[in-house]
Amino acid sequence: MVPRVFEPPSFDEATRRLAEIGRRLDGRNWVLGTSGNFSAVLSRRPLALAITASGTHKGRLTRRQFLTVDADGRVVGRSGAGRPSAETLLHLELARRGAGAVLHTHSVWGTIVSDLHADARGLAIQGYEMLKGLSGVVSHDHREWLPIVENDQDMERLAGVVHEALEAHPAAHGVLLRQHGLYTWGTTLDDAARHVEVLEFLLETVGRRSAPWHE
């Protein structure tokens, strides 16, 4: 997933863009309340992220509601107020795998689908034209596998489970936490935002077709 030449945004640019994305996702009801968290890689060596502070409304983000964290999740450098998202370790895990930006949503359909398909430990999506919006996908015949992992309040353990799931399915463009929501990412902020829109569309489509009341 890492581009040949990584050109990280500045803290100001990353936070401005993430705030814009937050307003868009909030407008779709994908990050209600204080749910969700967003990050962008500011540096690879050493690894540093701009990440939303815990407890923030993602539709009303300001620069002061972002923090800079290092590879261990510690706050460093230019940062706002508060503490990093409780799920910072998941963002760092995905950044180490090459993501340039990570977006986490809590949509109704992501929550429902992650529960309905949890026993299979994942969800296969195939045949939809919208799949071509995912990086590297050129046909609706593509089979996208979204791993589903159990939610866990132990973030170190959960990051390890996500690592194992993506080691088993390295081509995945996202991962679902059961009864929780979607994590997706991209090489750039634009890629990550597009992947949210594509995957949330697909989750709603699959959810409406597979829900018990559909029959």
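Keep in mind that what you see is a predicted model, and the values were worked out from it rather than measured.

Basis of the calculations
- Residues numbered from 1 in each chain as written.
- Predicted model: local features only at pLDDT ≥ 70, side-chain atom pairs only at ≥ 80, totals over all residues.
- Heavy atoms only, no water.
- Core = buried A, V, L, I, M, F, W, Y, C linked by side-chain atoms within 4.5 Å.
- Buried < 20%, exposed > 50% of the residue type's maximum accessible area, 1.4 Å probe, protein only.
- Helix = DSSP H or I, 4+ residues; strand = E, 2+ residues; numbered from the N terminus.
- Pairing = 2+ DSSP bridges.
- Axes fitted to C-alpha atoms, helices over the stretch in contact; angles between N-to-C directions.
- Contact = heavy atoms within 4.5 Å.
- Polar contact = N/O pair within 3.5 Å; in protein donor to acceptor, adjacent residues only side chain to side chain.
- Right-handed = clockwise from strand over helix to strand, strands pointing away.
- Salt bridge = Lys/Arg side-chain N within 4 Å of Asp/Glu carboxyl O.

S.K.: What is the right way to look at the nonpolar core in this model?
M.R.: Across soluble globular proteins, you tend to see nonpolar side chains buried next to one another. In terms of nonpolar packing, the biggest core is built from 20 residues, with L18, I21, L25, F38, L103 and L189 touching the most fellow members. Elements represented by at least two residues in this core include exactly α1 (11-27), β1 (37-43), β4 (101-105) and α5 (189-210). The element that contributes the greatest number of residues to this core is α1, accounting for six residues.

S.K.: Honestly, the sheet that holds β1 in this entry has me stumped. Any pointers?
M.R.: In any sheet, the strands associate via hydrogen bonds between backbone groups, in a parallel or an antiparallel arrangement. Within the open sheet, the eight strands sit side by side as β3-β2-β1-β4-β8-β7-β6-β5. Their pairing is mixed. Whereas interior strands pair on both sides, the edge strands pair on one side only; in this sheet they are β3 (66-70) and β5 (122-126). Within the sheet, the average angular offset between the axes of one strand and its neighbour, ignoring direction, is 20 degrees. Summarising the sheet, β5 and strand β6 (residues 143-149) pair through five bridges and their orientation is antiparallel. Counted as the bridge partner of Q126 is R143 from β6. Those strands touched by α1 are β1, β2 (48-52), β3 and β4, and its axis lies near 160 degrees from that of β1. Packed on one face of the sheet, α5 meets β1, β4, β5, β6, β7 (174-177) and β8 (181-186) and runs near 145 degrees to β8.

S.K.: I tried to follow the side chain of N37 on my own but got confused; where do I start?
M.R.: Structurally, N37 is set in strand β1. A distance of 2.6 Å separates polar atoms of two side chains, one belonging to N37 and the other to H91. Contact partners of N37, with chain neighbours within four places excluded, come to T52, K58, S85, E87, H91, V102, L103, H104 and Y183.

S.K.: Before we go on, may I ask you to explain the pairing of β6 in this structure?
M.R.: Residues in a regular strand point their side chains to alternate faces of the sheet. β6 sits mainly inside the fold: five of its seven residues count as buried. Bridging between β6 and β7 involves two bridges; their strand directions are parallel. Directly across from I148, in β7, lies its bridge partner L176. Since β6 and β7 lie parallel, the crossover through helix α4 (residues 155-168) that links them has a hand, and here it is right-handed.

S.K.: I'm lost on the pattern of salt bridges in this one. Help?
M.R.: Side chains bearing opposite charge may pair, as long as their charged atoms lie close to each other. Applying the stated rule across the entire model yields 15 salt bridges. Between R63 and D12 there is a salt bridge, with the nearest N and O atoms lying 2.7 Å from each other. Of this pair, R63 sits in the loop between β2 and β3 while D12 sits in helix α1; the two residues are 51 residues apart in sequence, bridging distant segments of the chain. A salt bridge links D72 to R74, with the nearest nitrogen and oxygen atoms 3.1 Å apart. Since its relative accessible area comes to 52%, R74 is described here as exposed. Three or more residues joined by partner-sharing salt bridges are found here, namely E13, R16, R17, E20 and D190.

S.K.: How should I be thinking about unusual backbone geometry in this particular structure?
M.R.: Across the chain, the bulk of peptide bonds are trans and the bulk of non-glycine residues have phi less than zero. Note the cis peptide between R45 and P46, where omega equals 0 degrees. When you line up the elements, P46 lands in the loop between β1 and β2. Phi at N29 takes a positive value of approximately 65 degrees, unusual for a residue other than glycine. Assessed through its relative accessible area of 45%, N29 is described here as partly exposed. Phi angles above zero are rare outside glycine, and Q179 is one such case at about 55 degrees. Relative to the helices and strands, Q179 resides in the loop between β7 and β8. The class of Q179 is exposed, set by a relative accessible area of 53%.

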